[in-house]
Amino acid sequence: MGPAQVGEPFAIGEDLAAHHMLERLFAGQLLVDPQALAHHELAQLLVGHPRWGRQHQFTHAAHSEAQRLSAGAEPHLGARTMPNLWNVDQLKPEPNIVVPGETVPAVFWNAAKQRAGKVWLREKDLGIWRSWTWDQTAEAVREVAHGLMALGLQPGERVSILSNTIVEWVLADLGVLSAGGVANGIYPTDSSSQVHYLCEDSSSVVLFVEDDEQLDKALEVRDRLPGLRKIVVFDMEGLHDLDDPRVMSFEALREQGRAHRVANPSALQQRLDAIDPQSLAILIYTSGTTGKPKGVMHSHHALIVSMRGYQLNIAQYESDERMCFLPLCHIAERMGGEYFAMYTGSK
């Protein structure tokens, strides 16, 4: 690829090294590959290019580095060096079963017992990272599962989750599955009419919602959902004065679960033992571009095979760290994020 002029388009795929440099610039992971850094004309192009310079909104650091490199300076190394950024040698197949279990909740509970006080989940709250150990996660999931049983959830009944990607999404999902239910995710950007369709089509009996914004959608359509027995709200900020017998807080559900556990200490284990690996675990709805969305049915067995298959291709370990970047109702984040991290122990 020859030097490109500012303002003219260029085919990124024509030069792999230039492509890598472009990706690093956009990610703010600055430029540790000397071969890619040789393309100073690309740095000059990106600084002033009317399309790439504005469309991708460089971070201040990336923009400054691009200007510096275009003037012929040597790359900054040291603190910005990421030697494993493009190192795929560590992605070796791992054929051994990391955590035993033939259903999703079986893997979770075995993993929680195995990893106990180690950190699994982290979420930033008001600028501060909040960590969840496996023990803490297991306790919350246990309470959610018992709470759902207290609400009358029967094995095989469907529960929907309408929320952004937050820790409570994971707790609700694993609680539903542990109680023998089927979990269905709904995109937080969906309209009230879409929420109605997805709850109706899945025959959801319980709906988890993130906050007052998502609750408004549910309240708008619940009278047309006779099978919906309860709405559970994760974040009750702005809803403390709400008095509705069909709506409860997530904390109230967990409290109800604690009471149910005391009265029925063996109920959860009985539900776990009764789950057939071939039975339905989750529903993932299609986008609906060619018609109404359709619920794709994933069994526990299929998800377990996928978890183990991931480990044969892109093995991860407890020392690895990852970040959720998609809604958890998307199969890529649900499978490749939540469930694969659950299986491997990556944080």
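Look a little higher up for the structure.
Report follows, based on the coordinates. (Residues numbered from 1 in each chain as written. Predicted model: local features only at pLDDT ≥ 70, side-chain atom pairs only at ≥ 80, totals over all residues. Heavy atoms only, no water.)

Describing the overall build of the protein
Stage number 1. Across its full length, the protein carries 14 helices and nine strands.
Stage number 2. Expressed as a percentage of the 347 residues in the protein, the buried residues total 47%.
Stage number 3. In the protein, the share of contacts with a sequence separation of at least 24, taken over all contacts with a separation of at least 6, comes to 67%.
Stage number 4. About 17100 Å² of surface is accessible on the protein, with carbon and sulfur atoms providing 53% of the total. (Helix = DSSP H or I, 4+ residues; strand = E, 2+ residues; numbered from the N terminus. Buried < 20%, exposed > 50% of the residue type's maximum accessible area, 1.4 Å probe, protein only. Contact = heavy atoms within 4.5 Å. Areas by Shrake-Rupley, 256 points an atom, 1.4 Å probe, with all protein chains shown as cover.)

Some remarks on the environment of Thr 165
Stage number 1. Relative to the assigned elements, Thr 165 resides in the loop between strand E3 (158-162) and helix H8 (167-178).
Stage number 2. Overall, the relative accessible area of 31% leaves Thr 165 in the partly exposed class.
Stage number 3. When the C-alpha positions of Thr 165 and Phe 325 are compared, they lie 8.2 Å apart, and in sequence the two are 160 residues distant.
Stage number 4. Apart from the residues within four sequence positions on either side, Thr 165 is in contact with Cys 324, Leu 326, Pro 327 and Leu 328.
Stage number 5. Of the polar contacts made by the side chain of Thr 165, one reaches the backbone oxygen of Leu 326; its length is 2.9 Å.
Stage number 6. At 3.4 Å, the side chain of Thr 165 and the backbone nitrogen of Leu 328 are in polar contact. (Polar contact = N/O pair within 3.5 Å; in protein donor to acceptor, adjacent residues only side chain to side chain.)

Some points on the nonpolar core
Stage number 1. The biggest cluster of nonpolar side chains holds 57 residues, and the ones touching the most others in it are Phe 108, Trp 120, Leu 174, Phe 208, Met 307, Tyr 339 and Met 342.
Stage number 2. If near-sequence neighbours (up to four positions away) are discounted, Phe 108 is found in contact with Trp 120, Trp 134, Thr 137, Ala 138, Val 141, Leu 174 and Met 342.
Stage number 3. Residues Val 195, Tyr 197, Leu 207 and Val 209 belong to the second largest nonpolar core, which totals 21 residues. (Core = buried A, V, L, I, M, F, W, Y, C linked by side-chain atoms within 4.5 Å.)

Quick look at the packing of aromatic side chains
Stage number 1. Scanning the model with the defined rule gives eight aromatic pairs in all.
Stage number 2. On the basis of an interplanar angle of 15° and a centroid distance of 4.3 Å, the ring pair of Trp 120 and Trp 134 is categorised as stacked. Of the two residues, Trp 120 sits in strand E1 (residues 119-125) while Trp 134 sits in helix H7 (residues 134-150), which places them 14 residues apart along the sequence. Across the pair, Trp 134 and Trp 120 agree in class, each one buried.
Stage number 3. With a centroid separation of 5.7 Å and an interplanar angle of 20°, the aromatic rings of Phe 208 and Phe 234 are classed as stacked. Here Phe 208, found in strand E5 (residues 204-209), pairs with Phe 234, found in the loop between strand E6 (230-233) and strand E7 (247-249); they are 26 residues apart in sequence, far enough to count as distant.
Stage number 4. Every member of this aromatic cluster is reached through a ring pair, and the members are Phe 108, Trp 109, Trp 120 and Trp 134. (Phe/Tyr/Trp six-rings, centres within 6.5 Å; stacked < 30°, edge-to-face > 60°.)

As for the pairing of E1
Stage number 1. Pairing of E1 with strand E2 (residues 128-133), which is carried by six bridges, proceeds in the antiparallel orientation. If you follow Lys 124 over to E2, its bridge partner there is Trp 129.
Stage number 2. Two successive antiparallel strands, E1 and E2, enclose a turn made up of two residues, where Leu 126 displays a positive phi of approximately 55°. (Pairing = 2+ DSSP bridges.)

What to know about the pattern of salt bridges
Stage number 1. Throughout the structure, instances matching the rule amount to 14 salt bridges.
Stage number 2. The salt bridge partner of Glu 143 is Arg 254, with a shortest N-O separation of 2.7 Å. Of the two residues, Glu 143 is situated in helix H7 and Arg 254 in helix H11 (residues 250-263); the sequence distance between them amounts to 111 residues. When sorted by exposure, Glu 143 lands in the same class as Arg 254, which is buried.
Stage number 3. Between Asp 173 and Arg 334 there is a salt bridge, and its shortest N-O distance comes to 3.1 Å. (Salt bridge = Lys/Arg side-chain N within 4 Å of Asp/Glu carboxyl O.)

A short note on the side chain of Thr 137
Stage number 1. Along the chain, the position of Thr 137 falls in helix H7.
Stage number 2. When its relative accessible area of 0% is taken as the criterion, Thr 137 is described as buried.
Stage number 3. Dropping the residues within four chain positions of it, Thr 137 is found in contact with Phe 108, Trp 120, Leu 121, Trp 132 and Leu 171.

As for the sheet that holds strand E8 (residues 280-285)
Stage number 1. Pairing within the open sheet is mixed, and its seven strands lie in the order E7-E6-E5-E3-E4-E8-E9. Since the sheet does not close on itself, it has two edges, and those belong to E7 and strand E9 (295-299), each with one partner. Strand-to-strand twist across the sheet, computed as the mean angle between neighbouring axes with direction ignored, equals 25°.
Stage number 2. In the sheet, E3 pairs with E5 via five bridges, with the strands oriented parallel. Residue pairing for E5: Leu 162 is matched across the bridge by Val 209.
Stage number 3. Contacting E3, strand E4 (182-186), E5 and E8, H8 runs over the sheet at an angle of about 150° to E4.
Stage number 4. Here H11 sits on the sheet in contact with E5, E6 and E7, set at roughly 80° to E7. (Axes fitted to C-alpha atoms, helices over the stretch in contact; angles between N-to-C directions.)

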